[in-house]
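Descriptive structure summary
The chain contents come next:
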Amino acid sequence: MHLSRDFPYLITIFTLVFSTHYSRSGAAINTVEEFLDTLINSSRYDRRIRPFFDQRRACNVTMTIHINTISAINEVNMDYNTDLIFRQSWYDPRLNYSGTDWAAKSPEITLHYSLIDRIWVPDSFFRNAKEGKRSDITVPNRLIRVHRDGKVLYSQRLLLKLDCQMKLQKFPLDNQTCVVNIGSYGFATTDLAFFWDQASNISAIRVNEDLEMPDFVLSNHEAKYCNRTTATGSFTCLLVVLHLKRLFGYYLVQVYIPSMLIVILSFVSFWIDHKSVPARISVGLLTVLTVTTQSSGIRSQLPRVSYIKAIDVWMSACLVFVFAGLLEYALVNVIARKGELRQQIFMKRNPDRPPKVTLIQKLQNGSSFAAERVIGNRLAQVHFYKKDGGHQSNAETMETLVHKTSNAERKLSGNTTNTHVHYSSMSNTNAPSQPTPQVVVSQPAQLAIAAKPVRDSAQFVDLISAVLFPVAFIVFNIIYWMVYLNMHVEYILK
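Now for a description of the structure that goes with this document. (Residues numbered from 1 in each chain as written. Predicted model: local features only at pLDDT ≥ 70, side-chain atom pairs only at ≥ 80, totals over all residues. Heavy atoms only, no water.)

**A look at the state of the cysteines**
If you walk through the whole model with that rule in mind, you get two disulfides. Disulfide pairing is shown between C164 and C178; the S-S distance is 1.9 Å. An S-S torsion of about -80° defines the bridge between C164 and C178 as left-handed. Remark: C178 occurs in strand 8 (residues 175-184) and C164 occurs in the loop between strand 7 (151-163) and strand 8; sequence separation between them is 14 residues. For C164, a relative accessible area of 1% puts it in the buried group. Between the sulfur atoms of C226 and its disulfide mate C237 the distance is 1.9 Å. You can see C226 sitting in strand 11 (residues 216-230) and its partner C237 sitting in strand 12 (residues 233-246), a full 11 residues away along the chain. By relative accessible area, which is 1% here, C237 ends up buried. (Disulfide = S-S within 2.5 Å. Helix = DSSP H or I, 4+ residues; strand = E, 2+ residues; numbered from the N terminus. Buried < 20%, exposed > 50% of the residue type's maximum accessible area, 1.4 Å probe, protein only.)

Structure representation (structure tokens):
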């Protein structure tokens, strides 16, 4: 009795509850928030399961990359920094809302970045990344867009430090090849496949038109495919190949030209008298120390590789040239001291024999006198003139030059009379009563034939070095630039 009496009340309560729920469901379709909650509701969408899992086929993900900057290319650590926008697209049938009223209202919906944790995304990662982070200025730079056919676009801005295995055999005349390696961490090729987005004949790799680097220029870039097989399976991956050409101007101005001038400066010492010991030693030591310091500074900026680099060959050659110049002076010094010792022994054994001819005298017109003299290791010619100004003219100060002829002169002249050329020292004051310089020469004809300048062995070595060293350095430059400008270093992508 009581049940039949309360039955109408139960029917009324059930009707009210059902109508209230229905009205709320209808209201949910009219707002974006409720529509999204319905679309990605955990009761009907499980983000732990990849798309097409029930169909037993792989989910295809297409990718594009926009490179904003490339910076901090470091030869020591062999890495570089890049700022890029990484975009991924895939189809998820569970997010297809083309059969609803919202398909006409909004063909695509841009979600808040916090909703990325509620949908499935590929487990893509950068294989050669050393460090990386997302840009969060001023908000997390992430974009999620869902199309009505279930296509999902996921874009994010990344700041990465990527590894770049460089080949430095031609440094600093080298070109480098760096890569961006993208792969799947957990899904094998049967579950997930990566492809470059080549739609509308637009390159999947886009580079900022204003991209500039201090040491390199981006000459070319390529999009390639690769697969990696590990102990856990075969995984898909994509490659961005960046071809970088090093700018040589900095090293030309800061390394090559200064070191070349230092080597040329060391060659100047060959023209300095070997008796000027402080000058020769200073030039030699300074050039050696300068090249050594410059070479050490360059090596500190490069990795400790086992092979020889082009800059190593150059700096080593410069060091060899300047060090050889210093050793050349040591050889010249030894030869000069031995020559002086032999001369002293010869003079002691032959006290009546005069030394070798070191002065040549000639008479010209009876009014001027020319003297050729070996000064250091160079032949200098000094002219002395007698002024014809009468008794009131000033006379130049003259040196007294005394020359003894050698045995060869005496044999040519036929007598043993020593030849003397006297110039009286005269002041620059008016002295009309003073006698004019007198020249007394015996057998001038034979003297002009017999007297010749003599160079010792040390001076001869300096003369040969002054020619041989520059020629050898020029030959080295020709070979160096021809070899390294035409050398090709092959880079194998791994």
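Now, onward.
**As for the sheet that holds strand 12**
The sheet built from four strands is open, its strands ordered 4-8-12-11 with antiparallel pairing. Single-partner strands in this sheet number two, and they are strand 4 (124-126) and strand 11. Strand-to-strand twist of the sheet, defined as the mean angle between neighbouring strand axes without regard to direction, takes the value 20°. In terms of strand pairing, strand 8 meets strand 12 through nine bridges, oriented antiparallel. When the bridges of strand 12 are listed, G183 appears paired with C237. (Pairing = 2+ DSSP bridges. Axes fitted to C-alpha atoms, helices over the stretch in contact; angles between N-to-C directions.)

**Section: the pattern of salt bridges**
Scanning the model with the defined rule gives 13 salt bridges in all. In this structure, D191 and R50 form a salt bridge, with 3.3 Å as the shortest nitrogen-oxygen distance. Here the residue D191 occupies a position in the loop between strand 8 and strand 9 (192-196), and R50 occupies one in the loop between helix 2 (32-39) and strand 1 (59-74), the gap between them amounting to 141 residues. The class for R50 is buried, based on a relative accessible area of 6%. We note a salt bridge from K130 to D79, for which the minimum N-O separation is 3.3 Å. Remark: D79 occurs in strand 2 (residues 79-91) and K130 occurs in strand 5 (residues 129-134); sequence separation between them is 51 residues. (Salt bridge = Lys/Arg side-chain N within 4 Å of Asp/Glu carboxyl O.)

**Let's talk about unusual backbone geometry**
Look at the link from I137 to T138: it is a cis peptide, with omega at -5°. The phi dihedral of A72 falls on the positive side, at around 50°, and the residue is not glycine. Relative to the helices and strands, A72 resides in strand 1. Backbone geometry places M78, a non-glycine residue, at a positive phi of 55°. In this structure, M78 sits in the loop between strand 1 and strand 2. With a relative accessible area of 13%, M78 lands in the buried category.

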